Amino acid sequence: AFLRTGGASMSPFNAWVFLKGLETLSIRMRAHCQNAQQIAEWLENQKFVEKVYYPGLKSHPQYDLAAEQQSGAGGIVSFEVKGGKEQAWNFIDSINLFSITANLGDTKSTITHPGTTTHHKLSEEQRLEVGIKPGLIRLSVGLEDATDLIEDLEQASSVVT
């Protein structure tokens, strides 16, 4: 499967682009982690949010393990909004700065609804079994200013009833 999608080797240009990206990876990862931590902490204190999933939060069941093994908790933050799928999509549709996509790991922040994107082929029972509840939203936090991202999340929260 890998050879079919990736080829036998990278082209020289793709290899050069890859190497250029590695030069700034550590500083980019610090920014991803710092922004995601700020957003996760903010989300954890919001009334429209049922639960936040981020290993950098002390409320996360594997916080101690993550703190022991990692220097940062990563750029992915997941959270459940109250009201299920309909309210999740109301929220996502009200977002301005985050791109709506199923891709993760960009320098720009993205937002997705896993139940209808990345995990849509699973049955509802299978999704629930792996923790993909109807109100779950996943953020891939980018390099934008965390304050701007939080303001965007806050303005979108007004549509969650």
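Structure first, text after, so check above.
Residues numbered from 1 in each chain as written. Predicted model: local features only at pLDDT ≥ 70, side-chain atom pairs only at ≥ 80, totals over all residues. Heavy atoms only, no water.

Participant: Go over the packing of aromatic side chains with me, naming the residues and quoting the values.
Facilitator: Aromatic rings in a pair are described by how distant their centres are and how their planes are angled relative to each other. Within the structure shown, the criterion is met by four aromatic pairs. Both rings, one in F48 and one in F91, keep their centres 5.4 Å apart while their planes meet at 25°; by these two values the pair is stacked. Separated by 43 residues along the polypeptide, F48 in the loop between α3 (25–44) and β1 (49–53) and F91 in helix α5 (residues 84–93) bring together distant segments of the chain. F91 shares its class with F48; the two are buried. One aromatic cluster in this structure is built from W42, F48, F79 and F91. (Phe/Tyr/Trp six-rings, centres within 6.5 Å; stacked < 30°, edge-to-face > 60°. Helix = DSSP H or I, 4+ residues; strand = E, 2+ residues; numbered from the N terminus. Buried < 20%, exposed > 50% of the residue type's maximum accessible area, 1.4 Å probe, protein only.)

Participant: So what's going on with the pairing of strand β2 (residues 76–81)? Residues and values would help.
Facilitator: Regular strands have side chains that alternate between both faces of the sheet. Counting buried positions over the six residues of β2 gives five, a clear majority of the element. Sheet topology note: the β1/β2 ladder contains four bridges and is antiparallel. Of the residues in β2, the one forming a bridge with V52 is F79. Note: β2 against strand β5 (residues 136–140), five bridges, orientation antiparallel. Across the sheet, residue S78 finds its bridge partner in β5, namely R138. (Pairing = 2+ DSSP bridges.)

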